[in-house]
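In case you want the letters, here they are:
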Amino acid sequence: MNDHATITMKDIAEALGVSVTTVSRALKDHPRIGKETRERIKAYAQEHNFFPNVIAESLRKSRVQPQKVIGVIIPQFAHYYFSTILAGIEEEASSHGYRIMVAQSNEKHDREVKICQSFYENKVCGIIVSQAKDTTEYSHYQRLIDLGVPLVFYDRICTGVNASRVVVDDYMGAYTAVHHLIETGCRKIAFFGSSMKLEISKNRYNGYRDAMLKNGLKPDDNFFRVCDNRTDAERITPDILNKEDVPDAFFAVNDDTAIGILYTAKRMGYRIPQDISICGFTNGQRAIACDPMLTTVEQRGIAVGEEAANILIGQVEGAIPMEKVVKRIVRTRLVIRGTTR
């Protein structure tokens, strides 16, 4: 049989020449089934992507109609941007009669793999996901697609699999921000970004680089750092500001990093924005809680979440064919505040 088809306990029983009851008991580690038989049944089930449907079993006992549930994986709850995306997904899903089941990968690949498996076992109707920072191997996503589970990526997309995606225009957002810094007189602009393995980092870096080059400026490698959180920014910034050649502006991959740069520069006696301009990327609540308030690129997370849920529900309900890869880009806007001239 096709490994990617959904198999039943009856299929396993027929293939191994045992009863359906034996299969059911073996999968639940029932002591009356011999160890060898149990292991043989479990191995076959795993090899053919069979997982007992936890929800279906509880529904059979409770006689309640199954619910329409979408699985959502977010890298970190603490991030303002991800929480706004979640709000957008929930709003759109709810308006179509769907509920969401949310899990946090905490930026870990192995946790992401387990969540995908758990969502599949719980028979979610589709999954919306932003990949973890350290994910470089994508077979768990490909497997879901092969099993016919609709999959939509948001923000950090996975280039290793062919699935629908919703992103903000990272390139244009960065380009516009750096162009603004140059227009206001900055010439030596440092870039603090995430790992270049991530598509969003490459796009934001390319926007930064092109804005510099198109304005006749050369990006300086000495001003480039892999740094995407406040703690690292507070540790790394002094190293740059203690050198003889100091940047007159910083463009950071997110607001958290920008705020780390801001507080460090102020602590070292620099005036913001007279001596150094700073621009972030997100426009979260922290952007208006710092002094001066942060110039930043607004990502419009709610719109991203709504678009992602909209595509997924379209695929689940058949309005969008399963094999069709939908790519949507949400436009950003630059919000100018006190950290730039």
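Above this text is the structure in question.
Residues numbered from 1 in each chain as written. Predicted model: local features only at pLDDT ≥ 70, side-chain atom pairs only at ≥ 80, totals over all residues. Heavy atoms only, no water.

Examining the overall build of the chain
To keep things clear, this is the line we draw: The helix count covers DSSP runs of H or I at least four residues long, the strand count covers runs of E at least two residues long, and both are numbered beginning at the N terminus. Using a 1.4 Å probe on the protein chains alone, a residue whose accessible area is under 20% of its type maximum counts as buried, one over 50% counts as exposed, and one in between counts as partly exposed. Here, residues are in contact when the closest pair of their heavy atoms is within 4.5 Å. Computed with the Shrake-Rupley method and a 1.4 Å probe, the accessible areas treat only the protein chains shown as cover for residues. A residue counts as positive if it is Lys or Arg and as negative if it is Asp or Glu; His and the chain ends are not included. Charged groups are reduced to one reference atom each: NZ for lysine, CZ for arginine, CG for aspartic acid, CD for glutamic acid.
Within the chain, the regular secondary structure consists of 12 helices and 12 strands. Considering only C-alpha atoms, the chain reaches an extent of 80 × 40 × 35 Å along its principal axes. Counting over 341 residues, the chain shows a buried share of 49%. For the chain, restricting intrachain contacts to residue pairs at least 6 apart in sequence, the fraction spanning at least 24 positions comes to 71%. Approximately 16100 Å² of the chain is accessible, and the part contributed by carbon and sulfur atoms is 48%. Positive and negative side-chain charges of the chain, numbering 45 and 42 respectively, have mean locations separated by a distance of 3 Å.

Concerning helix 5 (residues 80-95)
For the record, the criterion: Multiply 1.5 Å by the residue count of a helix minus one, and that product is the helix's expected span.
Here helix 5 contains 16 residues, and its C-alpha end-to-end distance of 23 Å stays within 8% of the 22 Å for a straight helix at 1.5 Å per residue. Where helix 5 is concerned, the buried positions are Tyr81, Phe82, Thr84, Ile85, Leu86, Gly88, Ile89, Glu92 and Ala93. Looking one or two residues past helix 5, Gly97 carries a phi angle of roughly 80 degrees, positive in sign.

A short note on the sheet that holds strand 8 (residues 249-252)
In any sheet, the strands associate via hydrogen bonds between backbone groups, in a parallel or an antiparallel arrangement. Filter applied, for reference: By the convention used here, strands pair only if DSSP detects at least 2 bridges between them. Each axis is a line fitted through C-alpha atoms, and for a helix only the stretch in contact is used; angles between axes span 0 to 180 degrees, taken between their N-to-C directions.
Taken in spatial order, the six strands make up an open sheet running 7-6-8-9-10-12, and their pairing is mixed. Edge strands, defined here as strands with exactly one partner in the open sheet, are strand 7 (224-226) and strand 12 (333-335). Shown here is a sheet whose adjacent strand axes are inclined to one another by a mean of 20 degrees, direction ignored. Direction of pairing for strand 10 (residues 295-298) relative to strand 12: antiparallel, over a ladder of three bridges.

Here's the deal with the packing of helix 6 (residues 109-121) against helix 7 (residues 139-146)
The condition that has to hold: The scheme is simple: roughly parallel for angles under 35 degrees, roughly antiparallel for over 145, roughly perpendicular for 65 to 115, oblique for anything else. For any pair of crossing helices, the crossing counts as left-handed if the nearer helix is rotated counterclockwise from the farther one by less than a right angle, and right-handed if it is rotated clockwise. Each residue gets one of three labels, nonpolar for Ala, Val, Leu, Ile, Met, Phe, Trp, Tyr, Cys and Pro, charged for Asp, Glu, Lys and Arg, and polar for the others, Gly among them.
Where helix 6 meets helix 7, the axes come as close as 9 Å, and the angle between the chain directions of the two elements is 15 degrees. When the axis of helix 6 is compared with that of helix 7, the two are roughly parallel. Here helix 6 and helix 7 pass one another in a crossing that is left-handed. Judged by residue contacts, His109, Glu112, Val113, Cys116, Gln117 and Tyr120 of helix 6 engage His140, Tyr141, Arg143 and Leu144 from helix 7. Taken together, the residues of the contact of helix 6 with helix 7 break down into five nonpolar, three polar and two charged.

As for the pairing of strand 1 (residues 69-74)
To keep it simple, the criterion reads: Crossover handedness is defined by viewing with both strands directed away from the observer: a clockwise path from the first strand over the helix to the second marks the crossover as right-handed.
Across the six residues of strand 1, six count as buried, placing the element largely inside the fold. Side-chain alternation along strand 1 places Val69, Gly71 and Ile73 on one buried face and Ile70, Val72 and Ile74 on a second face that is also buried. For the crossover that starts at strand 1, traverses helix 5 and ends in the parallel strand 2 (residues 99-104), the hand is right-handed.

A short note on the nonpolar core
We apply this condition: Here, nonpolar core means buried Ala, Val, Leu, Ile, Met, Phe, Trp, Tyr and Cys residues that are tied together by side-chain atoms lying within 4.5 Å of each other.
Ile70, Ile128, Val178, Ile189, Tyr208, Phe251 and Val304 are the most contacted members of the largest nonpolar core, which has 44 residues in total. Take this core: its biggest share by element is seven residues, from helix 12 (residues 301-317). Counting residues in each nonpolar core, the second largest holds 22 residues, with Ala233, Ile236, Val246 and Ile276 among its members.

Some words on the pattern of salt bridges
We apply this condition: By convention in these notes, a salt bridge is any Lys or Arg side-chain nitrogen within 4 Å of a carboxyl oxygen on Asp or Glu.
Counted according to the given criterion, the structure contains 17 salt bridges. The residue Glu234 makes a salt bridge to Arg230 at a minimum N-O spacing of 2.8 Å. Placement of both Glu234 and Arg230 in helix 10 (residues 230-241) is noted, with a separation of four residues, approximately one turn of the helix. A relative accessible area of 34% places Arg230 in the partly exposed class. One network of salt bridges, with partners in common, ties together Asp29, Arg38 and Lys42.

Points about the side chain of His48
Selection rule: Any N or O atom pair separated by 3.5 Å or less is treated as a polar contact, with the protein-specific requirement of one donor-capable and one acceptor-capable atom, and with residues adjacent in sequence counted only for side-chain atom pairs.
Note on placement: His48 falls in the loop between helix 3 (35-47) and helix 4 (54-62). Among the residues examined, His48 registers a relative accessible area of 7% and is labelled buried. A distance of 2.9 Å separates a polar atom in the side chain of His48 from the backbone oxygen of Tyr44.

What to know about helix 12
Compared with an ideal rise of 1.5 Å per residue, which puts 17 residues at 24 Å, helix 12 spans 24 Å between its outermost C-alpha atoms and is within 8% of the ideal. Burial in helix 12 covers these residues: Gly301, Ala303, Val304, Gly305, Ala308, Ala309, Ile311, Leu312, Ile313, Gly314 and Gln315. If you follow the buried residues of helix 12, they end up packed against strand 1, helix 5, strand 3 (126-129), strand 4 (151-154), strand 5 (164-168) and strand 11 (327-330). Phi turns positive, to about 90 degrees, at Gly318, one or two residues after helix 12.

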